[in-house]
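Structure assessment
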Amino acid sequence: MSESPGNVQGSLAALYESLQTSVLQLFTDPTQLSPGQAVLVAASALFVGAVVWTCCGGQRRTKVKLRAEFTPGKIYYHVPPPVKAIPCLTPFGMKLETYLRMADIPYEPMYGRSMGPKGKIPWIEYNGEAMADSGLIMEFLNREKGVDLNRTLSDADKAVSRAFTKMVEENTYWGLGWYRWIDNFDQLHHLFEVPWVVTFFLWYVRGNIRRTLWAHGIGRHSKEDIEGIMEKDLRAISTFLGTKPYLMGDEPTEVDAAVFGQLSELCWANHDSYLHRIVTVDCPNLQAYCSRIKDRYWSDWDQLTKKTKKDQ
Amino acid sequence: VYYHAPPPVKAIPCLTPFGMKLETYLRMADIPYEPMYGRSMGPKGKIPWIEYNGEAMGDSGFIMEFLNREKGVDLNQTLSDADKAVGRAFTKMVEENTYWYEGYQLQYCKLHVDNFDQLQDLFELPWAVMFFLRSVRGKIRQTMWGHGLGRHSKDEQEGIIEKDLRAISSFLGTKPYLMGDEPTEVDAAVFGQLSELCWANHDSYLHRIVTVDCPNLQAYCSRIKDRYWSDWDQLTKKTKKDQ
């Protein structure tokens, strides 16, 4: 039976509209969802999930697409594009880019959503090779470019800064993930500045993150316990910082890149939250510290965050 | 305090570093407890856990905070606020980063065919249970992937953990305990992790770092063992293997 294109288009539009209504219904009052709507939403979710899984890959080493032509010695820095709130939504992106600026290493930002060789972002291309993990990238660039932001530190101080880096990246980071994806999920698509359709994809990622948090251990705690853990981390950083301009003294070192990476997300991408209040009101030296690093190394912050998709 | 943990094995009184940490803390704080050896999981699905006044509690960190309040204990009382912050940072590093060496060990070293019998010796389980451990290995691999550490190659993982150990060694220096002359809470946490490396992981690359490259770590572990675990030999001798 052949249908005229007009009919197909009309029924597709009707389908799209009923899908839109169903999704909104799902998120506002799921109990009122009719069976037909539920089936429609479930089918669409499965379809989107399948597409996304094939594109983004499951648990395997991701094959990344590298540039055919590259300038030797130049760093191509892959991250998601800036949003209104902050130049980079991943704390490790903020960390790596702050490090590059601290070390005066020139780089070319390649905004996009491709995942790196280990399935994570940020990642870089250097001399035709892809490299992942902000920590390993920093070590590599230290050797390659002869940089040492920690040269003024004693061995014991370097040990302390490693400890703080690990605490903030392996503990506070997961609290941030829980906070953003589990506790305040409804704010997420505003923050990410994506159309509502992508909410399906975000829902799928959220399930993944919940499982990861459970496996990690921190996801097994109650909301109050997780907030308590994060608060203690933040207060520890604040106490250790004290009245110093930077964590280890008068000049910034590598740990400042890492801590700023995590704290910047709290300062600027998490308004009206309990944790935001700790960073700004309870421990004002943390806010001052973040602003200090922002003013020194991110003078183009406003330009980066203004030119976002939202304005286009 | 009814303290639930897996039973001691020949190598070490408790195979989970958090169990060593919690029990060391109880001994440091002089809190009497009754060990209930078994394999039951706690309220959050992990071990160790305790029962206190009819309630179950999980997570060694929370248990320590609770008992600090309940029993009026403060092992950190001699420390300044900044030192307490440093102690927390080292605790988190050793528990959220170095801890994953266990996953690394299981993944690369122990559960390979040639090391299978070593693992069986360590856990002291009948061979039939070893097949079950294969599925645990898959789960651990998934967990490590999700965590991030499992995405690195073997050399990279070793490098990360080695740097952690060297950092602890540098910070310890010639001090008897991490924060000075007397043990504090962070020593319980660090000893918890390092004791597994010292005594339950022979002939491994990481074992060599703790004993040969950074001998102050081995001395530190022995110091805490001698002070708080005088019954170590009795606990580890009375294992199923001898029965």
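Residues numbered from 1 in each chain as written. Chains lettered and ligands numbered in written order. Predicted model: local features only at pLDDT ≥ 70, side-chain atom pairs only at ≥ 80, totals over all residues. Heavy atoms only, no water.

**Notes on the packing of helix H3 (residues 91-102) of chain A against helix H9 (residues 254-268) of chain A**
All names here are of chain A. Let me state the cut-off plainly: Axis definition: a line fit to C-alpha positions, over the contact stretch in the case of helices; interaxial angles, taken between N-to-C directions, run 0 to 180 degrees. The numbering of helices and of strands both runs from the N terminus, where a helix is a DSSP run of H or I of at least 4 residues and a strand a run of E of at least 2. An angle below 35 degrees is treated as roughly parallel, one above 145 as roughly antiparallel, one from 65 to 115 as roughly perpendicular, and anything else as oblique. For a crossing to be left-handed, the near helix must be turned anticlockwise from the far one by less than a right angle; the clockwise case is right-handed. Whether two residues are in contact is decided by their heavy atoms: any pair within 4.5 Å suffices.
Closest axis-to-axis distance for the H3/H9 pair is 7 Å, and the angle between their directions is 135°. Between H3 and H9, the angle falls in the class oblique. The chirality of how H3 crosses H9 is right-handed. Mapping the contact onto sequence places Pro91, Phe92, Met94, Lys95, Thr98, Tyr99 and Met102 in H3 and Asp256, Ala257, Ala258, Phe260, Gly261, Gln262, Ser264 and Glu265 in H9.

**Details of the interface of chain A and chain B**
Stated precisely, the cut-off is as follows: Summed over both partners, the accessible surface that disappears when two parts come together, traced with a 1.4 Å probe, is what is meant by buried area. By salt bridge we mean one thing: a side-chain nitrogen of Lys or Arg within 4 Å of a carboxyl oxygen of Asp or Glu. Pairing of N or O atoms within 3.5 Å defines a polar contact, subject to two protein rules: one partner must be a possible hydrogen donor and the other a possible acceptor, and residues neighboring in sequence count only if both atoms are side-chain atoms. Gly is put with the polar residues, along with every residue not named as nonpolar or charged; the nonpolar set is Ala, Val, Leu, Ile, Met, Phe, Trp, Tyr, Cys and Pro, and the charged set is Asp, Glu, Lys and Arg.
Across the boundary between the two partners, chain A contributes 35 residues, which contact 34 residues of chain B. Where chain A abuts chain B, roughly 3,200 Å² becomes buried across the two surfaces, and 62% of that area is made up of carbon and sulfur atoms. Taken together, the links from chain A to chain B amount to 6 salt bridges. The salt bridge partner of Glu156 of chain B is Lys118 of chain A, with a shortest N-O separation of 2.7 Å. On inspection of chain A and its partner chain B, the count reaches 15 residue pairs in polar contact (both at pLDDT 80 or more). Elements that contribute at least two residues to the side of chain A that touches chain B include exactly helix H4 (134-145), helix H5 (155-183), helix H7 (199-216) and helix H8 (223-241) of chain A. No other element matches H5 of chain A, which puts 12 residues into the side of chain A that touches chain B. When its residues are assigned to classes, the side of chain A that touches chain B shows 13 nonpolar, 8 polar and 14 charged.

**Describing the confidence of the model for chain B**
Note that predicted coordinates carrying low pLDDT should not be read in detail. All names here are of chain B. Convention followed: pLDDT is a per-residue confidence score from the predictor, ranging from 0 to 100.
Residue-level pLDDT values for chain B average 82, and 82% of them are 70 or greater. Confidence, read as mean pLDDT per element, is least for helix H5 (residues 116-123) in chain B (59) and greatest for helix H10 (residues 215-228) (92). Taken over the whole predicted complex, pTM reads 0.80, whereas the ipTM for its chain interfaces reads 0.82.

**Remarks on the pattern of salt bridges**
Where charged atoms from two side chains of opposite charge approach closely, those side chains can pair. All names here are of chain A. The test is simple: Burial classes follow relative accessibility: with a 1.4 Å probe on protein chains only, a residue under 20% of its type's maximum area counts as buried, one over 50% as exposed, and anything between as partly exposed.
Applying the stated criterion across every chain yields a total of 24 salt bridges over all chains. We note a salt bridge from Glu97 to Arg101, for which the minimum N-O separation is 3.6 Å. Taken as a pair, Glu97 and Arg101 lie in helix H3 at a separation of 4 residues, close to a single helical turn. By the burial criterion, Glu97 is buried, and Arg101 matches it. Two residues, Arg101 and Asp300, come together in a salt bridge whose shortest N-O distance is 2.9 Å. Placement of the pair is Arg101 in helix H3 and Asp300 in the loop between helix H11 (284-297) and helix H12 (301-306), with a sequence separation of 199 residues. Note on Arg101: relative accessible area 17%, which makes it buried. Through salt bridges with shared partners, one network takes in Glu231, Arg235, Arg277 and Asp282.

**A closer look at the sheet that holds strand E1 (residues 75-79) of chain A**
Residues and elements named next belong to chain A. Basically, it comes down to this: Two strands pair if DSSP finds at least two bridges between them.
The mixed open sheet is built from 4 strands, whose spatial order is E2-E1-E3-E4. Every other strand in the sheet has two partners, leaving strand E2 (107-111) and strand E4 (129-132) as the edge strands with one partner each. Ignoring strand direction, the axes of neighbouring strands in this sheet form an average angle of 25°. Where strand E3 (residues 123-126) lies against E4, 4 bridges are found, and the strand directions are antiparallel. Paired with Ile124 across the two strands is Met131, which belongs to E4. Each of E1, E2 and E3 is contacted by H3, which is oriented at about 155° to E1, the strand it contacts most.

**A short note on the sheet that holds strand E1 (residues 2-5) of chain B**
All names here are of chain B. Reading across the sheet, the 4 strands line up as E2-E1-E3-E4 and stay open at both edges, with mixed pairing between neighbours. Of all the strands in the sheet, the pair left with one neighbour each is strand E2 (34-37) and strand E4 (55-58). Neighbour to neighbour, the strand axes of the sheet diverge by 25° on average, direction disregarded. Two elements, E1 and strand E3 (residues 49-52), share 3 bridges in a ladder whose sense is antiparallel. The partner of His4 across the bridge, within E3, is Trp49.

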